[in-house]
Amino acid sequence: MLQRIQTVYLLIVAIISGGLIFAFNLWTTAEGTVVYAKDEVLALGLFVGSAILAIISIFNFKNRKSQFMLGRLNMILNLILLGFFVYRILNSPGEANGVSEKGVGIFLPVISIVFLVLSNRAIKKDEDLVKSVDRLR
């Protein structure tokens, strides 16, 4: 059902991954250039992929197992994105062309992962409730 709490969590993930990436910068270079997710092709692709997976998961409410697996896949995608950010931050040689100041956008995958965990917990709770009702029949 679309009125469940996991739908709210997945909608928050879709908004974070699809919309807030254009509002918050990822980092500022040593030259003072502000880098957004639209400037990094890999980051933009992973963010958009995460938003699409969240939307697909919202409309896959009839199949809870598939919804749960899509949530896990989305978590892995956000962990890959977080790893990419850590790689970019740590692999900046002497701050020459690298990251000088970190932005709020780097923490967006962490927030998405938190809401995905909450969503998967709610999906699991619904699945357990359905199994317990089936046992009583």
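Scroll up for the structure.
So, here's what we can say about the structure.

Reading the values: rules and limits
Throughout, residues of each chain are indexed from 1 in the direction in which the sequence is written. Thresholds applied to this predicted model are a pLDDT of at least 70 for local features of residues and 80 or more for the giving and counting of side-chain atom pairs; totals over whole chains, interfaces and linings are not thresholded and use all residues. Hydrogens and water molecules were not included; the side-chain quantities draw on all heavy atoms of the structure. Ring geometry is summarised as follows: Phe, Tyr and Trp rings, the Trp one being its six-membered ring, pair when their centres sit within 6.5 Å, and such pairs are stacked at plane angles under 30 degrees, edge-to-face over 60 and tilted between the two. Helix and strand assignments follow DSSP, with helices taken as H or I runs no shorter than four residues and strands as E runs no shorter than two, numbered in order from the N terminus. Exposure classes here rest on a 1.4 Å probe applied to the protein chains alone. A residue is buried below 20% of its type maximum, exposed above 50%, and partly exposed in between. When the NZ atom of lysine or the CZ atom of arginine is within 6 Å of a ring's centre and also within 35 degrees of its normal, the charge is said to sit over that ring. The convention used is that axes are lines fitted to C-alpha atoms, helices contributing only their stretch in contact, and that angles between N-to-C directions extend from 0 to 180 degrees. In this scheme, roughly parallel covers angles under 35 degrees and roughly antiparallel covers those over 145, while 65 to 115 is roughly perpendicular and the rest are oblique. In this scheme, a crossing is called left-handed if the near helix is turned counterclockwise away from the far one by less than a right angle; it is called right-handed if the turn is clockwise. Contacts: residue pairs with any heavy atoms within 4.5 Å of one another. Only Asp, Glu, Lys and Arg are considered charged, only Ala, Val, Leu, Ile, Met, Phe, Trp, Tyr, Cys and Pro nonpolar, and every remaining residue, Gly among them, polar. Definition used in this section: a nonpolar core is a set of buried Ala, Val, Leu, Ile, Met, Phe, Trp, Tyr and Cys residues joined via side-chain atoms within 4.5 Å. What makes a patch is a set of residues exposed beyond 30% relative accessible area and free of salt bridges, joined within 9 Å when like-charged and within 5 Å when nonpolar (Val, Leu, Ile, Met, Phe, Trp, Tyr). To be clear on the numbers: accessible area is Shrake-Rupley with a 1.4 Å probe, and residue cover counts the displayed protein chains and nothing else. For this analysis, a salt bridge means a side-chain nitrogen from Lys or Arg found within 4 Å of a carboxyl oxygen belonging to Asp or Glu.

1. Details of the packing of aromatic side chains
Link 1 in the chain: Evaluation of the coordinates by the stated rule reveals 4 aromatic pairs.
Link 2 in the chain: Between Tyr9 and Phe115 the ring centres are 6.1 Å apart and the planes differ by 40 degrees, which places this aromatic pair in the tilted class. Taken as a pair, Tyr9 in helix H1 (residues 5-18) and Phe115 in helix H4 (residues 108-136) lie far apart in primary sequence, 106 residues in all.
Link 3 in the chain: Considering the side-chain rings of Phe47 and Phe85, the 6.1 Å spacing of their centres and the 40 degrees angle between planes classify their relative orientation as tilted. Here the residue Phe47 occupies a position in helix H2 (residues 41-58), and Phe85 occupies one in helix H3 (residues 64-90), the gap between them amounting to 38 residues. For the pair formed by Phe47 and Phe85, the shared burial category is buried.
Link 4 in the chain: Feature note: the residues Trp27, Phe47, Phe84 and Phe85 constitute an aromatic cluster, connected by ring pairs.
Link 5 in the chain: Here Lys38 stacks its cationic end above the ring of Tyr36, 5.8 Å away from the centre of that ring.

2. Some points on the packing of H1 against H2
Link 1 in the chain: Orientation of H1 relative to H2, taken along the N-to-C sense of each, is 160 degrees, at an axis distance of 8 Å. If you check the angle between H1 and H2, you find them roughly antiparallel. Where H1 crosses over H2, the two elements pack in a sense that is left-handed. Here H1 contributes Thr7, Leu10, Leu11, Val13, Ala14, Ser17 and Gly18 to the contact with H2, which in turn contributes Phe47, Val48, Ser50, Ala51, Ala54, Ile55, Ser57 and Ile58.
Link 2 in the chain: Looking at side-chain class alone, the contact of H1 with H2 contains 10 nonpolar, 5 polar and no charged residues.

3. Here we look at the nonpolar core
Link 1 in the chain: With 17 residues, the main nonpolar core has Leu26, Trp27, Ala43, Phe47, Leu81 and Phe85 as its most contacted residues.
Link 2 in the chain: When contributions to this core are tallied by element, the ones reaching two or more residues are H2 and H3.
Link 3 in the chain: In terms of residue count, the dominant contributor to this core is H3 (5 residues).
Link 4 in the chain: Not counting the four nearest positions on each side in its chain, Ala43 is found in contact with Leu26, Ala37, Leu81, Phe84 and Phe85.

4. Re the side chain of Asn74
Link 1 in the chain: Inspection of the secondary structure assignment puts Asn74 in helix H3.
Link 2 in the chain: Under the relative-accessibility criterion, Asn74 is labelled buried at 1%.
Link 3 in the chain: Dropping the residues within four chain positions of it, Asn74 is found in contact with Val13, Ser50, Leu53, Ala54 and Leu116.

5. Side note on the environment of Val34
Link 1 in the chain: Its location among the elements puts Val34 in strand E2 (residues 34-35).
Link 2 in the chain: Val34 sits 68 residues away from Lys102 along the chain, and the two C-alpha atoms are 9.8 Å apart.
Link 3 in the chain: If we ignore the near neighbours within four places in the chain, the residues touching Val34 are Asn25, Trp27, Thr28 and Asp39.

6. Brief notes about the side chain of Ser112
Link 1 in the chain: Within the secondary structure, Ser112 sits in helix H4.
Link 2 in the chain: Apart from the residues within four sequence positions on either side, Ser112 is in contact with Val13, Ile16, Ser17 and Asn78.

7. Things to note about a nonpolar patch on the surface
Link 1 in the chain: A contiguous nonpolar surface patch, about 320 Å² in accessible area, is contributed by Phe107, Val110, Val114 and Leu118.
Link 2 in the chain: Residue Val114 is classed as partly exposed on the basis of its relative accessible area of 46%.

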